[in-house]
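# Examining the three-dimensional arrangement
Chain by chain, the residues run as shown.
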Amino acid sequence: MLTGGYHGKWIDAATVNEAIVSRNSLDAVGGALGAGAIMPITQETCPLGESLRVAQWLADESAGQCGPCYLGLPAAARGMEDILNGGGPAALEALKQVAKAVKRRGACSHPDGSAMFLESTIKAFTDDLAAHVLGNGCGRPVEGVLPLFEGGQLPAGITSGAEAEESGPSRQKIYVDWTLCRGHGLCADILPEVFELGADGFPTVAQAQVPRYAEAKALRAVRRCPALALRLEEEAPRDKTPSRNLPVLSQGRGRRALGR
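The structure reproduced in this document is the subject of the present report.

Criteria and cut-off values
- Residues numbered from 1 in each chain as written.
- Predicted model: local features only at pLDDT ≥ 70, side-chain atom pairs only at ≥ 80, totals over all residues.
- Heavy atoms only, no water.
- Helix = DSSP H or I, 4+ residues; strand = E, 2+ residues; numbered from the N terminus.
- Contact = heavy atoms within 4.5 Å.
- Areas by Shrake-Rupley, 256 points an atom, 1.4 Å probe, with all protein chains shown as cover.
- Phe/Tyr/Trp six-rings, centres within 6.5 Å; stacked < 30°, edge-to-face > 60°.
- Buried < 20%, exposed > 50% of the residue type's maximum accessible area, 1.4 Å probe, protein only.
- Axes fitted to C-alpha atoms, helices over the stretch in contact; angles between N-to-C directions.
- Parallel < 35°, antiparallel > 145°, perpendicular 65-115°, else oblique.
- Left-handed = near helix turned anticlockwise from the far one by under 90°.
- Nonpolar A, V, L, I, M, F, W, Y, C, P; charged D, E, K, R; others polar.
- Pairing = 2+ DSSP bridges.

Across its full length, the protein chain holds 10 helices and six strands. The contacts of the protein chain with a sequence gap of at least 6 include a subset with a gap of at least 24, amounting to 68%. In the structure as shown, the protein chain presents an accessible area of about 15600 Å², 52% of it carried by carbon and sulfur atoms.

Shown next as structure tokens:
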């Protein structure tokens with residue numbers, strides 16, 4: 001079971017039965033509360049393959065602003081892939097070295113959390129790791145049971161409650177927090193429909209409506225901003241049903257009330 005989300009740690013089934021969902025309890029058994037996400041996987045899927053999918057996603061979610069993220073996380077994902085492809089003990093050692101090298105060297109905590117996830121994978125699935133490193137693999141397929149948000153889309157099996165429409169008025173607004181913005185410019189690269197950089201390298205707007213067709217890109221821009229200076233807010237749908245609680249004036253009384 002993965003505790004704490006994708007910056008969290010794996011714990012085995014026996015340990016799960018002894019833990020409760022609290023920071024202290026999970027820390028005591030080698031887990032992590034983290035984002036508060038608890039995600040189980042079954043014995044029908046390859047845990048290393050599942051972890052590889054997450055490692056590749058974590059590398060792709062990097063803002064690309066420092067070496068540990070831009071170079072280290074893709075290298076770590078390739079190391080995990082090498083293990084699954086029969087790279088043997090050398091591939092395992094390379095993955096350990098990369099995970100160790102990216103910690104506490106990034107501009108944010110993304111490489112730290114990603115490295116913790118990878119190191120936990122190596123520690124938790126020793127039998128599966130031995131089957132891949134020393135043998136011909138565990139023989140199980142990768143079912144893809146861990147949900148991943150890719151391209152701003154909801155994971156398979158999770159519905160938003162309404163089908164997104166490509167056309168029509170937008171329901172989302174994107175905001176720039178000027179106290180956090182550092183002028184990295186990724187917002188304009190990812191979402192040029194909304195953001196344009198001024199001569200000083202900073203966005204020229206503080207808030208803007210997001211076109212319906214660009215909502216996925218807006219979500220990606222928010223998640224990849226290195227300074228966490230962007231946020232999305234969705235406007236509540238307006239209730240078009242007329243209120244029945246307001247007094248209704250007759251036509252004559254209404255005219256008299258207006259002085260007509």
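Once that is clear, we can look at the packing of aromatic side chains. What the rule picks out here adds up to three aromatic pairs. Residues Trp 10 and Phe 117 carry aromatic rings whose centres are separated by 6.3 Å and whose planes lie at 40 degrees to one another, so their mutual orientation is tilted. With Trp 10 in strand S2 (residues 9-10) and Phe 117 in helix H6 (residues 110-124), this residue pair connects regions lying 107 residues apart in the sequence. Note on Trp 10: relative accessible area 4%, which makes it buried. For Phe 117, a relative accessible area of 0% translates into the label buried. A ring pair is formed by Trp 10 and Phe 125, whose centres lie 5.0 Å apart and whose planes are at 70 degrees; its orientation type is edge-to-face. Within this pair, whereas Trp 10 is found in strand S2, its partner Phe 125 is found in the loop between H6 and helix H7 (126-134), the two being separated by 115 residues in sequence. Taken individually, Trp 10 and Phe 125 each receive the classification buried, so the pair is uniform in this respect. Here the aromatic cluster, defined as three or more aromatic residues joined through ring pairs, consists of Trp 10, Phe 117 and Phe 125.

At a minimum axis distance of 8 Å, the contact between helix H4 (residues 67-84) and helix H5 (residues 88-102) shows a crossing angle of 160 degrees. Looking at the two axes, H4 sits roughly antiparallel to H5. Seen from above, H4 lies across H5 with left-handed handedness. When H4 is examined against H5, the residues Pro 68, Gly 72, Ala 75, Ala 76, Gly 79, Met 80, Asp 82 and Ile 83 are found in contact with a partner set consisting of Ala 91, Leu 92, Leu 95, Val 98 and Val 102. Class assignment for the residues of the contact of H4 with H5 results in 10 nonpolar, two polar and one charged.

Here we take up the sheet that holds strand S3 (residues 38-39). Reading across from one edge, S2-S1-S3 is the order of the three strands in this open sheet, with antiparallel pairing throughout. Edge strands, defined here as strands with exactly one partner in the open sheet, are S2 and S3. Relative to S2, strand S1 (residues 2-3) runs antiparallel, the two being bridged by two bridges. Bridging across to S2, Leu 2 finds its partner in Trp 10.

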